[in-house]
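Analysis of the macromolecular model
Spelled out from the first residue to the last, the chains are:
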Amino acid sequence: MRKLFLLLILLCSFIIANAQELNCQVQVLTPRIQSSDKKIYTTLQQAIYEFINNTKWTSDKFLSEEKIECSIQIEITERVSTAEFKGTIQVSSRRPVYKTSYNSPMLNIKDDDFSFQYIEFQNLEFNESSSNPNLVAVLAYYAYLILAVDYDSYSLLGGGPYYQKVQAIVANMQNAGDKGWKSYESNNRNRYWVSENFNNPIYKPIRQLYYNFHRKGLDIMWEKKDEGLRACGESIEGLKKVHSEKPISPLMQALFDAKADEVVNMFSGAPADIKTQAKITLDEVNPSNTSKYQKILSGSN
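To start, this report covers the structure provided alongside it.

The rules behind the values
Residues numbered from 1 in each chain as written. Predicted model: local features only at pLDDT ≥ 70, side-chain atom pairs only at ≥ 80, totals over all residues. Heavy atoms only, no water. Helix = DSSP H or I, 4+ residues; strand = E, 2+ residues; numbered from the N terminus. Contact = heavy atoms within 4.5 Å. 1 Å grid on protein atoms, 1.4 Å probe; cavity = no way out; pocket = protein on both sides within 12 Å on 5 of 7 lines; lining within 4 Å. Points joined across faces, edges and corners; volume = space filled by probe spheres on them. Nonpolar A, V, L, I, M, F, W, Y, C, P; charged D, E, K, R; others polar. Disulfide = S-S within 2.5 Å. Buried < 20%, exposed > 50% of the residue type's maximum accessible area, 1.4 Å probe, protein only. Arc of directions from axis to C-beta. Salt bridge = Lys/Arg side-chain N within 4 Å of Asp/Glu carboxyl O.

Structural notes on the side chain of Thr281
Summarising the element assignment, Thr281 is placed in helix α10 (residues 272–285). For Thr281, the residues in contact, after removing those within four places along its chain, are Ile236, Glu237 and Lys240.

Quick notes on empty space enclosed by the protein
Within the structure shown, the criterion is met by one cavity of 30 Å³ or more. Approximately 30 Å³ is the volume found for the largest cavity. Along the walls of the largest cavity sit Leu209, Phe213, Ile236, Leu255, Phe256, Lys259 and Val263, which together make up its complete lining. Elements with a minimum of two residues in the lining of the largest cavity: α6 (204–214) and α9 (250–268). Residues that form the lining of the largest cavity fall into these classes: six nonpolar, no polar and one charged.

Observations regarding the state of the cysteines
As used in these notes, a disulfide is a covalent bond between sulfur atoms, one from each of two cysteines. For the coordinates displayed, the defined rule picks out zero disulfides. Cysteine Cys24 remains unbridged, with the sulfur of Cys70 as its closest cysteine sulfur at 3.7 Å. Assessed through its relative accessible area of 0%, Cys24 is described here as buried.

Quick notes on helix α5 (residues 191–198)
All buried positions along α5 are accounted for by Arg191, Val194, Ser195, Asn197 and Phe198. The buried residues of α5 occupy an angular sector of 165° when projected down its axis, which confines them to one face. Summarising the contacts, the buried residues of α5 are in contact with β4 (103–117), α3 (134–154), α4 (160–172), α6 and α9.

Some remarks on the pattern of salt bridges
Pairing of side chains with opposite charge becomes possible as their charged atoms draw close. Overall, the coordinates contain 15 salt bridges when judged by the stated rule. With its nearest N and O atoms 3.0 Å apart, the salt bridge here joins Glu21 to Lys56. Separated by 35 residues along the polypeptide, Glu21 in the loop between α1 (2–17) and β1 (22–29) and Lys56 in the loop between α2 (39–54) and β2 (68–81) bring together distant segments of the chain. When its relative accessible area of 0% is taken as the criterion, Glu21 is described as buried.

Structure (structure tokens):
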């Protein structure tokens with residue numbers, strides 16, 4: 001009996017030490033679909049949930065409490081046929097801030113070029129070395145993107161291997177007929193261009209921001225608030241060169257889709273010199289959110 005008890009403890013320890021990396025909430029919404037046969041969407045939601053959360057995406061060991069909090073929301077806008085669907089997918093992720101209960105938003109990307117085939121109870125499996133059905137390829141693409149950004153926030157440029165995996169998925173899908181994977185498509189924020197930008201040295205300051213903003217900024221604010229605020233401000237200053245060279249960038253847009261509200265809340269309570277400089281820099285590198293950044297100087301959230 002004692003040997004059995006010890007074996008169970010060892011087995012549990014192994015499972016905990018090798019926990020998968022993502023804790024992803026999944027929603028499949030069908031507000032525009034008029035159909036009595038909606039059970040397939042519940043099955044699809046469960047299949048995606050199990051695929052994302054049960055796949056081992058890295059060789060690293062994650063404790064259960066270290067899993068990356070994220071969410072995937074799919075809205076089905078059209079059921080083209082029994083097994084073919086069109087819609088959108090929105091992906092977001094969060095990162096805990098050291099010694100606080102606050103989670104900093106990392107990704108917030110909406111992808112409108114999303115069509116796929118799914119047969120009820122179909123098993124979703126990812127093949128890293130070849131093309132995959134579009135549903136699997138898109139989900140794997142965003143799983144690796146979540147990992148890449150998160151790793152970048154803990155070590156400088158630490159997400160490199162996962163951006164490369166994202167790029168490999170794009171390469172493997174070049175002969176697929178599905179939208180979102182090609183450089184020549186009209187949408188310059190599609191999966192191809194997000195991947196290309198993250199792997200392009202020109203955009204390295206954006207990846208460096210993930211580390212400097214979070215590790216050198218937010219993570220020390222519990223103890224040294226002003227120092228952390230300055231580090232966050234300096235990390236945004238580093239985006240000026242990128243903006244001057246590439247004023248229209250899917251990465252810059254994706255960054256501030258996730259971060260705009262956060263930086264307004266953060267800098268609104270900063271010392272006058274920090275908030276003033278932050279407002280000037282944010283207006284320059286992300287002019288589409290200038291009206292939001294005005295709240296920094298007024299102190300209004």
